[in-house]
Amino acid sequence: MLELTILLCGVIVFLFLVLLLSILLKWNKARLITGILMSITSIITMILFIDIQISNGNPDAGMEFVQFYFPILVFLGFTTVGIFSTVKLAKGNINDVA
């Protein structure tokens, strides 16, 4: 399960780079799909990370922030970026139609 979590972290970074590229080059469909995929992947990876940490008895005493809460904040940050990008694009498309 640890290997899957590490692989999904790599996928999140790749999707984040694609999202940045799609924002810069104004690829709206790629931006929409990438934002949704990045958010879903981040949530799944965060759940796997929490499950792994709990099953291994981590975090160490006094290192809770660095070993547990900070990685969760990073996953939540990627989730927020993906959702914000998707909502902003969808909101902009609604304004274009009206």
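Refer to the structure above for everything that follows.
As the structure is a computational prediction, the values presented were derived from the model and not from experiment.

**A word on unusual backbone geometry**
- Here the phi dihedral of Lys26 falls at roughly 60 degrees; this positive angle occurs in a residue that is not glycine.
- Along the chain, Lys26 falls in the loop between helix 1 (2-25) and helix 2 (28-56).

**Concerning the nonpolar core**
- Residues Ile12, Leu15, Leu19, Met38, Met46, Phe49, Phe68, Ile72, Phe75 and Phe78 constitute the largest nonpolar core, which totals ten residues.
- The set of elements that each furnish at least two residues to this core consists of helix 1, helix 2 and helix 3 (64-97).
- Take this core: its biggest share by element is four residues, from helix 3.
- Ignoring sequence-local partners within four residues, the contact set of Leu19 consists of Arg31, Thr34, Gly35, Met38, Val81 and Ser85.

**Regarding helix 1**
- Taking 1.5 Å per residue, 24 residues should reach 34 Å; helix 1 reaches 35 Å between its end C-alpha atoms and fits that length.
- All of the buried residues in helix 1 are Thr5, Leu8, Ile12, Leu15, Leu19 and Ser22.

**Overview of the packing of aromatic side chains**
- The tally for this structure, following the rule as stated, stands at five aromatic pairs.
- Between Phe49 and Phe68 the ring centres are 6.3 Å apart and the planes differ by 25 degrees, which places this aromatic pair in the stacked class. With Phe49 in helix 2 and Phe68 in helix 3, this pair connects stretches of sequence that are 19 residues apart.
- Accessibility expressed as a relative area gives 15% for Phe49, which makes it buried.
- What links up through ring pairs into an aromatic cluster is the set Phe49, Phe68, Tyr69 and Phe75.

Parameters and conventions
- Residues numbered from 1 in each chain as written.
- Predicted model: local features only at pLDDT ≥ 70, side-chain atom pairs only at ≥ 80, totals over all residues.
- Heavy atoms only, no water.
- Helix = DSSP H or I, 4+ residues; strand = E, 2+ residues; numbered from the N terminus.
- Core = buried A, V, L, I, M, F, W, Y, C linked by side-chain atoms within 4.5 Å.
- Buried < 20%, exposed > 50% of the residue type's maximum accessible area, 1.4 Å probe, protein only.
- Contact = heavy atoms within 4.5 Å.
- Expected span 1.5 Å × (residues − 1).
- Phe/Tyr/Trp six-rings, centres within 6.5 Å; stacked < 30°, edge-to-face > 60°.

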